[in-house]
Amino acid sequence: MDPRIFLFVLIGLGLALSVGLQRWLSRIRWLSLPIIYVAIGFIAFSLPLGLPDINPARDKFDSVALEYATEFIMIVSLMAAGIAIDRKVTWPNWKQVWPLLLITMPLTIALVALWSWWVIGLVPAGALLLGAVLAPTDPVFARSVLVGPPGEDERHDIRFSLSVEAGLNDSLAFPFTFLAIAAVGMTSLGGWSVEWLLNDLVLRVLLGLAVGYFIGRAAAWYVFERHAGDADKNKQRSQSYTTSEGLIVLGGSLLAYGVAEVVHGYGFLAVFVAAVTTRQRENRSEYHKISHHFIDQIEKIVLVIMMFAFGGMLAKGVLAGLSWPIVIMAVLLVFVIRPVTGFLGEMINALPWPGKLTVAFLGARGVGSIYYLAYAQNHGEFQQLPELWAGVSFTILLSIVIHGLTAGQLLWCAEKADAHRHEDSGADIPVKES
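Numbering of residues starts from 1 in every chain and runs along the sequence as written. Note on the predicted model: pLDDT of at least 70 is required for a residue's local features to be given, and 80 or more for side-chain atom pairs to be given and counted; whole-chain, interface and lining totals, by contrast, use all residues. In computing side-chain values, all of the structure's heavy atoms are included and hydrogens and water are not.

Draft legend 1. Inspection of the nonpolar core at higher detail. Definition used in this section: a nonpolar core is a set of buried Ala, Val, Leu, Ile, Met, Phe, Trp, Tyr and Cys residues joined via side-chain atoms within 4.5 Å. Throughout, exposure labels follow a simple rule: accessible area from a 1.4 Å probe, protein chains only, divided by the maximum for the residue type, with under 20% read as buried, over 50% as exposed, and the rest as partly exposed. The biggest cluster of nonpolar side chains holds 111 residues, and the ones touching the most others in it are Leu-130, Phe-268, Phe-382 and Trp-389. If you tally residues by element for this core, the top one is helix 12 (residues 286-315), at 13 residues. With residues near it in sequence (within four places) discarded, Phe-382 still touches Ala-125, Gly-126, Leu-129, Ala-180, Ile-181, Val-184, Ala-376 and Leu-388. Working definition: helices are DSSP H or I runs of at least four residues, strands are E runs of at least two. Numbering for both runs from the N terminus. Here, residues are in contact when the closest pair of their heavy atoms is within 4.5 Å.

If you want it as structure tokens, here you go:
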């Protein structure tokens, strides 16, 4: 069979069966779709069928293709996550998330980088890069633990924390990726480090926030105020929306990302902020549910393809640079570093202990890490690429397996404990908070 035709069959079956599989997996709670599809991809690409040899560690074209593909899926996933967040952006509503960004993530970067330099033996720039690309949690492979579609009328404190963390931690992952790129060949601190601090860590974050906010406001005006104005003119005020409205949210996502990148802001941050800002307007509108459904379908399509591709990467030798120090680093990240640093960040919030431990443990790694490493490879002259790709790929694989097997049960237990807390306090469980 022609390898191209086989891929059409594989992807077609994967898409057609994903809906039924997702429903079945949501009931058993101990298995996840990424585990199954990555395994299928690994088996398919291991067979002598002439399928593409996907290995960015030794092929520049593969790293460029991965950068572009993962860039798009990240844009779509961040927009879907932002639209799904029902809570108003206020300090009381969002204060539980900031420690995950300001405590958990920097500590994770530092600890992974230290291990990579001291034990694995990576050069400082490579060690810092590995810490940066493995620090952010993933909004793609971890979609099953994020908040659900808009308008569910349920409060999910744990899922909310994981969703916002995944949406915002790119504002810290990219600065340290740029720092690693800038550090290639450098032997000491100097003016370049000050420039990084002011430009990459401060200015680009502010520009990403600003672009996302203004495009989100513009999108909300276009959908709600302009729509209402046209309806008034025609004496036919209508609040009905169709799936064609999804083109607005997809166009807004790409626009926010593109404009932010043009002005040298962080595009991923702009996409998430634009989605949240749009959602703040007419919070209960049917538009948000329809647009989320539209963008969610696109995300599922590219997710299925990405899961098969990742399985193909594993089959084609991306783990060739694996060593015991790298394996131990991945195990420490999943079982020690993220849980401990996550718990330190969660200690000050009001979640019960099961909720804090669940948020701390469920720091899934995935497509975002692939994007950052591919981006760095294409924009910097890094040594030890086989070791870097092996470390990232093995960590993602370990995260897919461990978090895929445990996330459903952990969330069920933690959300049950959180629900009892609200019942005992007599508090309502609103979606729209002030």
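Draft legend 2. Seen up close, the pattern of salt bridges. One speaks of a salt bridge when a side-chain nitrogen belonging to Lys or Arg is within 4 Å of a carboxyl oxygen belonging to Asp or Glu. Using the criterion set out here, one finds seven salt bridges in the structure. Taking the shortest distance from any N to any O, the salt bridge between Asp-53 and Arg-58 comes out at 2.9 Å. A relative accessible area of 39% means that Asp-53 is categorised as partly exposed. Across the pair Asp-86 and Arg-279 runs a salt bridge, and its minimum N-O distance is 2.2 Å. Placement of Asp-86 in the loop between helix 3 (60-84) and helix 4 (91-94) and of Arg-279 in helix 11 (residues 267-280) is noted, with a sequence separation of 193 residues between them. A single burial state applies to Asp-86 and to Arg-279, both of which are buried.

Draft legend 3. The arrangement of the packing of aromatic side chains in detail. Any two rings among Phe, Tyr and Trp, with Trp reduced to its six-membered ring, count as a pair given centres within 6.5 Å; such a pair is stacked if its planes are under 30 degrees apart, edge-to-face if over 60, and tilted if neither. Counting across every chain of the model gives 19 aromatic pairs. With centroids separated by 6.4 Å and ring planes inclined at 25 degrees, the aromatic side chains of Phe-174 and Phe-268 adopt a geometry described as stacked. You can see Phe-174 sitting in helix 8 (residues 170-183) and its partner Phe-268 sitting in helix 11, a full 94 residues away along the chain. As far as burial versus exposure is concerned, Phe-174 and Phe-268 are alike and both buried. Ring geometry for Tyr-371 and Tyr-375: centres 6.0 Å apart, planes at 40 degrees, overall tilted. With Tyr-371 and Tyr-375 both in helix 15 (residues 367-379) and four residues apart, this pair spans about one turn of that helix. Tyr-375 shares its class with Tyr-371; the two are buried. Here a set of aromatic residues connected by ring pairs shows up, and it is made of Phe-174, Phe-178, Tyr-257, Tyr-266, Phe-268, Tyr-371, Tyr-372 and Tyr-375. Seen from the ring of Phe-178, Arg-204 lies directly overhead, with NZ or CZ sitting 4.4 Å from the centre. The rule is short: NZ of Lys or CZ of Arg within 6 Å of the ring centre and within 35 degrees of the ring normal puts a charge over the ring.

Draft legend 4. Layout of the environment of Leu-146. Among the structural elements, Leu-146 can be located in the loop between helix 6 (124-134) and helix 7 (157-168). Along the chain, Leu-146 and Ser-163 lie 17 residues apart, while their C-alpha atoms are 5.1 Å from each other. Contact partners of Leu-146, with chain neighbours within four places excluded, come to Pro-139, Arg-159, Leu-162 and Ser-163.

Draft legend 5. Broad picture of the side chain of Ser-63. Mapped onto the secondary structure, Ser-63 falls in helix 3. Under the relative-accessibility criterion, Ser-63 is labelled buried at 0%. Beyond its immediate chain neighbours, meaning those up to four positions away, Ser-63 contacts Pro-56, Ala-374, Gln-377 and Asn-378.

Draft legend 6. Examining the packing of helix 2 (residues 33-46) against helix 12 more closely. Think of each axis as a best-fit line through the C-alpha atoms, taken over the contacting stretch in the case of a helix, with angles from 0 to 180 degrees between the N-to-C directions. Look at helix 2 against helix 12: their axes get within 7 Å of each other, and the N-to-C directions meet at 50 degrees. Relative to helix 12, helix 2 is oriented oblique. Like other packed secondary-structure pairs, helix 2 and helix 12 cross with a definite hand, here right-handed. Between helix 2, through Leu-33, Pro-34, Tyr-37, Val-38, Ile-40, Gly-41, Phe-42, Phe-45 and Ser-46, and helix 12, the contact on the second element is made entirely by Val-304, Met-307, Phe-308, Phe-310, Gly-311, Gly-312, Leu-314 and Ala-315. For the contact of helix 2 with helix 12, the class distribution of residues is 13 nonpolar, four polar and no charged. Throughout this description, any angle smaller than 35 degrees is read as roughly parallel, any larger than 145 degrees as roughly antiparallel, any in the 65 to 115 degree range as roughly perpendicular, and the remainder as oblique. It is the rotation of the near helix from the far one that decides the hand of a crossing: anticlockwise by less than a right angle makes it left-handed, clockwise makes it right-handed. Ten residues, namely Ala, Val, Leu, Ile, Met, Phe, Trp, Tyr, Cys and Pro, are considered nonpolar, four, namely Asp, Glu, Lys and Arg, are considered charged, and the remaining ones, Gly among them, are considered polar.

Draft legend 7. Main features of the environment of Gly-12. Within the element layout of this structure, Gly-12 appears in helix 1 (residues 3-28). Exposure remark for Gly-12: the relative accessible area of 36% places this residue in the partly exposed category. Considering only alpha carbons, one finds Gly-12 and Ile-305, 293 residues apart in sequence, at a separation of 9.8 Å.

Draft legend 8. Inspection of helix 3 at higher detail. Any helix carries an expected span of 1.5 Å times its number of residues minus one. With 25 residues, helix 3 should cover 36 Å at 1.5 Å per step; its first-to-last C-alpha distance of 36 Å lies within 8% of that length. A large share of helix 3 lies buried, amounting to 18 of its 25 residues. Residue Asp-59 occupies the N-cap position of helix 3, its side-chain oxygen lying 2.8 Å from the main-chain nitrogen of Phe-61. In protein, a polar contact requires one atom able to donate a hydrogen and another able to accept it; more generally it is a pair of N or O atoms within 3.5 Å, and residues adjacent in sequence count only if both atoms are side-chain atoms.

Draft legend 9. Summary view of the packing of helix 7 against helix 14 (residues 353-361). Viewed as axis vectors pointing N to C, helix 7 and helix 14 meet at an angle of 25 degrees, and their least axial separation amounts to 10 Å. What the angle tells us is that helix 7 and helix 14 run roughly parallel. The hand of the helix 7/helix 14 crossing is right-handed. Packed against helix 7, whose contacting residues are Ile-158, Ser-161 and Leu-162, the element helix 14 presents Gly-355, Thr-358 and Val-359 at the interface. Of the residues in the contact of helix 7 with helix 14, the class split is three nonpolar, three polar and no charged.

Draft legend 10. Spotlight on unusual backbone geometry. Phi at His-264 takes a positive value of approximately 65 degrees, unusual for a residue other than glycine. Note on placement: His-264 falls in the loop between helix 10 (246-262) and helix 11. Look at Gln-384: it is not a glycine, yet its phi comes out positive at around 55 degrees. Structurally, the position occupied by Gln-384 is in the loop between helix 15 and helix 16 (385-425).

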